[in-house]
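Secondary and tertiary structure notes
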Amino acid sequence: MTKSSQFRELLERPRTARLVGCRDALTALLIEEAGFDGLWASSFEISASRGLPDLGLLTMSELLEASSHANQATGLPLLADCDTGFGGKINVVRTVQQFEAADIAGVCFEDKMFPKRNSFLRGGQDLEAAEEFAGRIEAGVRARRSPDFTVVARVEALIAGAGLDEALRRAHLYADAGADAILIHSKKSTPTEIVEFLQAWRARTPVVVVPTTYPHWDLAEAQAAGVSMVIYANQTLRASVSAMRDVLGEIRLHGGTGAVEGSITSMKELFGLTRVSRWEEWSA
């Protein structure tokens, strides 16, 4: 089974699938070890790992390289966060071709103007004309070689404050253009507007959500509401920053690493995670 067909199966099964955001291969290995269903190559995490804000600064090749490293490290299917598509229709076409050729399971494009701003930044969000974005989704769908390769259309109307009716209008246009799934995004502290969207959408396509700002909506509730896939998009990055700050503070305070050695991962564990023994067998 290809990774694209694995991902398609996750989208279409009755049980809600769980993806986790990653920025590199090591994070992907940990996500697989924890038993999640798939990977989300997060442009936010990949940008941050390069010391950059999530403002559409990554090029297609940078995101493809990071996504490919994560994808090759595990057997999990990966959905790549491709921001606004890196340009016009022809850029979306090339993005689909390149990511599909790299055995990545699917791509997600959002309907904001380039350069995009992270959805949770203060200030306004500029949406692209829905008809223009639908045209780019249609071009991306036509460009793929396998119908299993997934194209997800991310609707940012709720993020931009445009309301439920506009979110539904856009989602229907994108589904008409061939989008395999709709990612409906919200920055409210509760899932109320997501639930309203799901009720009105009536499962026309699978729906993906990213519950960053409404984290207490658990998997069972999301499944009951009709969510096909949940993405925990940035928690691994946020956890690693907190942990590294704590450890660095302890080392600086105590003048050595003795105080932290008992609470950090051992070298032996890292050798196991990176499969040193397998590589040594091949080199023998």
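The next point concerns helix α4 (residues 60-73). With 14 residues, α4 extends 20 Å from end C-alpha to end C-alpha; this agrees with the ideal 20 Å at 1.5 Å per step. Burial in α4 covers these residues: M60, L63, L64, A66, S67, S68, A70, N71 and A73.

The buried count for strand β4 (residues 106-110) comes to five of five residues, which makes it a mostly enclosed element. Across the two faces of β4 the burial is the same, with G106, C108 and E110 and V107 and F109 all buried. Sheet topology places strand β3 (residues 78-81) next to β4; three bridges connect them, and they run parallel. Within β4, the position partnered with L79 by the bridge is G106. Viewed along the sheet, the connection from β3 through helix α5 (residues 89-101) into β4 turns out right-handed. Strand direction decides the pairing type here: β4 and strand β5 (residues 150-155), joined by five bridges, are parallel. Across the sheet, E110 pairs through a bridge with R154, a residue of β5.

This paragraph deals with a nonpolar patch on the surface. A cluster of nonpolar side chains, namely L26, L30, M267, L270 and F271, defines an oily patch on the protein surface of about 450 Å² accessible area. Of all elements in the fold, only α2 (25-33) and α11 (267-273) reach the threshold of two or more residues within the nonpolar patch. Here the nonpolar patch takes three residues from α11, the largest share from any one element. Within the fold, F271 resides in helix α11. Exposure remark for F271: the relative accessible area of 45% places this residue in the partly exposed category.

The residue E193 is located in helix α8 (residues 192-201) in this model. Residue contacts for E193: discarding those within four places in its chain leaves L158, L164, S186, K187 and K188.

Under the criterion given, the structure shown has five aromatic pairs. Aromatic side chains F197 and W201 sit 5.6 Å apart centroid to centroid with 20° between the ring planes, which places their arrangement in the stacked category. Within this pair, F197 and its partner W201 are both found in helix α8, separated by four residues, close to a single helical turn.

Attention now goes to the layout of surface pockets. By volume, the largest pocket is sized at about 620 Å³. In terms of lining, the largest pocket is formed by 19 residues, of which the most central are L26, L30, M244, T265 and L270. Of all elements in the fold, only α2, α10 (235-254) and α11 reach the threshold of two or more residues within the lining of the largest pocket. If one sorts the elements of the lining of the largest pocket by residue count, α10 sits on top with five residues. The calculated volume of the second largest pocket comes to roughly 280 Å³. F44, D54, N118, F120 and N234 are the residues nearest the centre of the second largest pocket, which is lined by 20 residues in total. In terms of residue class, the lining of the second largest pocket is made up of seven nonpolar, seven polar and six charged.

Our focus in this paragraph is unusual backbone geometry. That bond from F114 to P115 is cis: its omega, -5°, falls within 30 degrees of zero. Structurally, P115 can be placed in the loop between β4 and α6 (130-143). Backbone geometry at F86 places phi at a positive 70°, although glycine is not the residue there. Phi is positive for D103, close to 65°, though the residue is something other than glycine.

Cut-off values and rules
- Residues numbered from 1 in each chain as written.
- Predicted model: local features only at pLDDT ≥ 70, side-chain atom pairs only at ≥ 80, totals over all residues.
- Heavy atoms only, no water.
- Helix = DSSP H or I, 4+ residues; strand = E, 2+ residues; numbered from the N terminus.
- Expected span 1.5 Å × (residues − 1).
- Buried < 20%, exposed > 50% of the residue type's maximum accessible area, 1.4 Å probe, protein only.
- Pairing = 2+ DSSP bridges.
- Right-handed = clockwise from strand over helix to strand, strands pointing away.
- Patch = residues over 30% accessible without salt bridge, like charges linked within 9 Å, V, L, I, M, F, W, Y side chains within 5 Å.
- Areas by Shrake-Rupley, 256 points an atom, 1.4 Å probe, with all protein chains shown as cover.
- Salt bridge = Lys/Arg side-chain N within 4 Å of Asp/Glu carboxyl O.
- Contact = heavy atoms within 4.5 Å.
- Phe/Tyr/Trp six-rings, centres within 6.5 Å; stacked < 30°, edge-to-face > 60°.
- 1 Å grid on protein atoms, 1.4 Å probe; cavity = no way out; pocket = protein on both sides within 12 Å on 5 of 7 lines; lining within 4 Å.
- Points joined across faces, edges and corners; volume = space filled by probe spheres on them.
- Nonpolar A, V, L, I, M, F, W, Y, C, P; charged D, E, K, R; others polar.

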